[in-house]
Amino acid sequence: MTAAATPAASPATTGEQPGVRLARSRRNAELSLLVLAMVLVAAYGATVEANVLDTVTPDFWLPAAALGAVFLGLHLVIRFLAPFADPALLPAVALLNGLGVGFLRRIDLAKALPADREHLAIFAGQGGRQLAWTLISGILAAGLLVLMRDHRSVSRYAYTLGLAGIVLVMIPAVLPARFSEINGAKLWIKFTPTFSIQPGEFAKLALLVFFAYYLVRKREVLSLASRRFLGIDFPRGRDLGPVVVVWLISLLVLIFEKDLGTSLLYFGMFVVTLYIATERVSWLLIGLILFFGGAYLAYFLGEMVGGPFANFYLRAQIWLDPFGDPYNKGYQLVQGLLGLGTGGLFGAGPGGGQPLEIPEVQNDFIFAGIGEEIGLFGLSALLVVYLLVVERGLRAALAVRDSFGKLLAGGLAFTLGLQVFVIVGGISKLIPLTGQTTPFLSAGGSSLMANWLLIAVLLRVSDGARRPVTGGGGKAARPSAGPPEQLHGAPTEVIRP
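This structure is a prediction, so every number in the text was calculated from the model and none was measured.

**Some thoughts on the overall build of the protein chain**
For the protein chain, the helix and strand inventory stands at 16 helices and 6 strands. Taking all 497 residues of the protein chain together, the buried fraction comes to 52%. In the protein chain, once contacts between residues fewer than 6 apart in sequence are set aside, the share between residues at least 24 apart is 71%.

Structure below.
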């Protein structure tokens, strides 16, 4: 006779809470993907050393190990404080961040004397600084997850954050050029010749919280149509006020901060958030007409009047004909295009290109420098990783149950995608050059910290969206977070059985 089969243990008999097994499997998948990402970063570093040094040093794995320690700490915070968060977000961003650190270290190796290259410390040069900024950014992201146990709670400070965002945007514009201007764009606050911050990177997060809060309150009014034209419902004239105000602010950024990309970023994220809130295509059409009309007006005034419009006119002229002055005004764009062309389909291999021939390759043109070495296929893979991050953010926006969370996650995901578009469009001559940094790749602490905070918010929203619903109609318990009714002033939609 055979022994009777033992029945499988159920959550009721094992004492497991609903969703615990699901949360554990997601976190285990996240950890596996994170290990794979760090293996790829270590392999990239080894290939760089093989091409630059003609050998692979015994310490090639140390930058990847240091990065892995940072991301492992963040993974543990997510495992305990946001167990249902999307498991693909952290590994995808960690891969981008790791490749950015690896490429900056590759630049440091190229700049160092041949005798010193094999002994370059992991915290030396731009790569070392970026590694340190990654550590700080990971701590900030973990701290945000600790403090913000429910994404709806941040709506309490929407107006304060909106005012702070406007102030951060305007500070570089009112400062003298010697304290705010780098390469023609006034986007920075320079404290010393070697240390500066870009407040606009943090402003976009603050403004998005305000936009989401405001549009949740006003979406019914903004959804009203006054007339129908060519099958599209257009809003009432008196409801255009908020769009016109943000449009004017974006034009002021374009004129006084001398940067098309930042202007497009702020105006675009508001219009798209407005479209998500109202689901009216007319707002997108109005936004496109206002922005391109304003950009053309600035170009026309730059040609006729000059003054504050002159910088944008010059950038537009370089964009239209970079080879008209390839050794002076158009030099940076021309070198970037030559780097991309030299890379071809497969690239020269990590460490095999000449990225130092491209001015500011560590900042604005890092995508062109990497493209020379990994080719079109490699760049396409990088863009797919960015697309994955944006898609996961939009998925969280679709799945979350409250309107504020939908607008916040959707706006954050779109803003990240738009920033990548602005950068890639600039170096590929699709749009005029901008002063924006490539998220997670370019050197700079402001961009890295702000974008890791953005990812932390997306993780928190996705945790709320993926948290399983209990039998009573509510969500599974979240540590240290009260029910929606206790979040006074938060735009929530309480699901009732």
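**Details of helix α4 (residues 89–111)**
Spanning 23 residues, α4 covers 34 Å between terminal C-alpha atoms, matching the ideal 33 Å at 1.5 Å per step. The buried fraction of α4 amounts to 21 of the 23 residues, a majority that puts the element mostly inside the structure.

**Quick notes on the pattern of salt bridges**
Where side chains of opposite charge bring their charged atoms close, a pairing between them can arise. Inspection of every chain in the model, using the stated rule, returns 10 salt bridges. Salt-bridge contacts for Arg-152 lead to Asp-150; the nearest nitrogen and oxygen are separated by 2.6 Å. Taking relative accessible area as the criterion, Arg-152 reaches 8% and is therefore assigned buried. Across the pair Glu-391 and Arg-395 runs a salt bridge, and its minimum N-O distance is 3.1 Å. With Glu-391 and Arg-395 both in helix α14 (residues 366–399) and 4 residues apart, the pair spans about one turn of that helix. The partly exposed category is assigned to Glu-391, whose relative accessible area is 29%. Overlapping salt bridges, with partners in common, bring together Asp-86, Glu-391, Arg-392, Arg-395 and Arg-466 in one network.

**Overview of the environment of Ala-158**
Within the fold, Ala-158 resides in helix α6 (residues 158–174). A C-alpha to C-alpha distance of 8.6 Å links Ala-158 and Ala-212, two positions 54 residues apart in sequence. When residues no more than four places from it in sequence are discounted, the contact partners of Ala-158 are Val-209, Phe-210 and Tyr-213.

**Notes on helix α12 (residues 310–320)**
Along α12, the residues classified as buried are Asn-311, Phe-312, Arg-315, Ala-316 and Ile-318. The buried residues of α12 all sit within an arc of 160° when viewed along its axis, so they share a single face.

**As for the nonpolar core**
The nonpolar side chains of soluble globular proteins are, as a tendency, buried together. Leu-382, Phe-440, Trp-452 and Ile-455 are the most contacted members of the largest nonpolar core, which totals 119 residues. Residues within four places of Trp-452 in sequence aside, it is in contact with Phe-71, Leu-74, Leu-90, Val-93, Ala-94, Asn-97, Ser-137, Ala-141 and Phe-440.

**Digging into the packing of aromatic side chains**
Each aromatic ring pair is characterised by the separation of its centres together with the angle its planes make. Summed over all chains, the structure comprises 11 aromatic pairs. For the ring pair Phe-210 and Phe-211, a centre distance of 6.2 Å and an interplane angle of 55° mean the geometry is tilted. Relative accessible area serves as the criterion here: at 7%, Phe-211 is assigned to the buried category. Note on Phe-291 and Phe-292: the rings are 5.7 Å apart at their centroids and 80° apart in plane angle, and the pair reads as edge-to-face. In textbook terms, an aromatic cluster arises when at least three aromatic residues are bridged by ring pairs, as seen for Tyr-159, Phe-210, Phe-211, Tyr-213, Tyr-214 and Phe-270.

**Digging into the pairing of strand β3 (residues 189–192)**
In the sheet, β3 pairs with strand β4 (residues 195–197) via 3 bridges, with the strands oriented antiparallel. Each bridged residue has a counterpart across the sheet, and for Thr-192 the counterpart in β4 is Phe-195. In this antiparallel pair of consecutive strands, β3 and β4, the connection spans 2 residues.

**Comments concerning the side chain of Asp-402**
With respect to the helices and strands, the residue Asp-402 is situated in the loop between α14 and α15 (403–427). Among buried charged residues, Asp-402 stands out as having no salt bridge; its nearest opposite-charge side chain is Arg-152, 4.7 Å away. Engagement of the side chain of Asp-402 in a polar contact is seen with the side chain of His-151, the distance being 2.8 Å.

**Things to note about the packing of α4 against helix α16 (residues 445–466)**
Where α4 contacts α16, the two axes come as close as 11 Å, and the packing angle between them is 165°. Of the possible angle classes, the one that applies to α4 and α16 is roughly antiparallel. In the crossing of α4 with α16, the sense of the turn from one axis to the other is right-handed. Along its contact with α4, which presents Leu-89, Leu-90, Val-93, Ala-94 and Asn-97, the element α16 presents Leu-448, Trp-452, Ile-455, Leu-458 and Leu-459. Among the residues making up the contact of α4 with α16, the classes are represented as 9 nonpolar, 1 polar and no charged.

**A look at the confidence of the model for the protein chain**
On average, the protein chain scores 82 in pLDDT, and the residues at 70 or more come to 85%. In this model residues 1–15 is a low-confidence stretch, pLDDT under 50, and it forms 2 contacts with partners more than four residues away in sequence or in other chains.

**Digging into the environment of Ala-409**
Turning to its location among the elements, Ala-409 is positioned in helix α15. For Ala-409, a relative accessible area of 0% gives the class buried. Beyond its immediate stretch of four places on either side in the chain, Ala-409 contacts Gly-393, Ala-397, Leu-458 and Val-461.

**Digging into the packing of helix α11 (residues 281–304) against α12**
With their axes 8 Å apart at the nearest point, α11 and α12 run at an angle of 100° to one another. Considering their axes alone, α11 and α12 lie roughly perpendicular with respect to each other. Between α11 and α12, the residues in contact are Ala-295, Ala-298, Tyr-299, Gly-302 and Glu-303 and Ala-310, Phe-312, Tyr-313, Ala-316, Gln-317 and Leu-320, respectively. A class-by-class count of the residues in the contact of α11 with α12 yields 8 nonpolar, 2 polar and 1 charged.

**Some points on unusual backbone geometry**
Leaving glycine out, the prevailing phi sign among residues is negative, and the prevailing peptide bond configuration is trans. In the Ramachandran plot, Glu-360 falls in the positive-phi region, its phi being about 55° despite a non-glycine side chain. By secondary structure assignment, the location of Glu-360 is in the loop between α13 (331–343) and α14. Among the residues examined, Glu-360 registers a relative accessible area of 28% and is labelled partly exposed. The backbone phi angle of Lys-429 is positive, close to 70°, even though this residue is not glycine. Judged by relative accessible area, Lys-429 falls into the partly exposed class, the value being 30%.

Rules and cut-offs
- Residues numbered from 1 in each chain as written.
- Predicted model: local features only at pLDDT ≥ 70, side-chain atom pairs only at ≥ 80, totals over all residues.
- Heavy atoms only, no water.
- Helix = DSSP H or I, 4+ residues; strand = E, 2+ residues; numbered from the N terminus.
- Buried < 20%, exposed > 50% of the residue type's maximum accessible area, 1.4 Å probe, protein only.
- Contact = heavy atoms within 4.5 Å.
- Expected span 1.5 Å × (residues − 1).
- Salt bridge = Lys/Arg side-chain N within 4 Å of Asp/Glu carboxyl O.
- Arc of directions from axis to C-beta.
- Core = buried A, V, L, I, M, F, W, Y, C linked by side-chain atoms within 4.5 Å.
- Phe/Tyr/Trp six-rings, centres within 6.5 Å; stacked < 30°, edge-to-face > 60°.
- Pairing = 2+ DSSP bridges.
- Lys, Arg positive; Asp, Glu negative; His and termini not counted.
- Polar contact = N/O pair within 3.5 Å; in protein donor to acceptor, adjacent residues only side chain to side chain.
- Axes fitted to C-alpha atoms, helices over the stretch in contact; angles between N-to-C directions.
- Parallel < 35°, antiparallel > 145°, perpendicular 65-115°, else oblique.
- Left-handed = near helix turned anticlockwise from the far one by under 90°.
- Nonpolar A, V, L, I, M, F, W, Y, C, P; charged D, E, K, R; others polar.
- pLDDT = per-residue confidence, 0-100.

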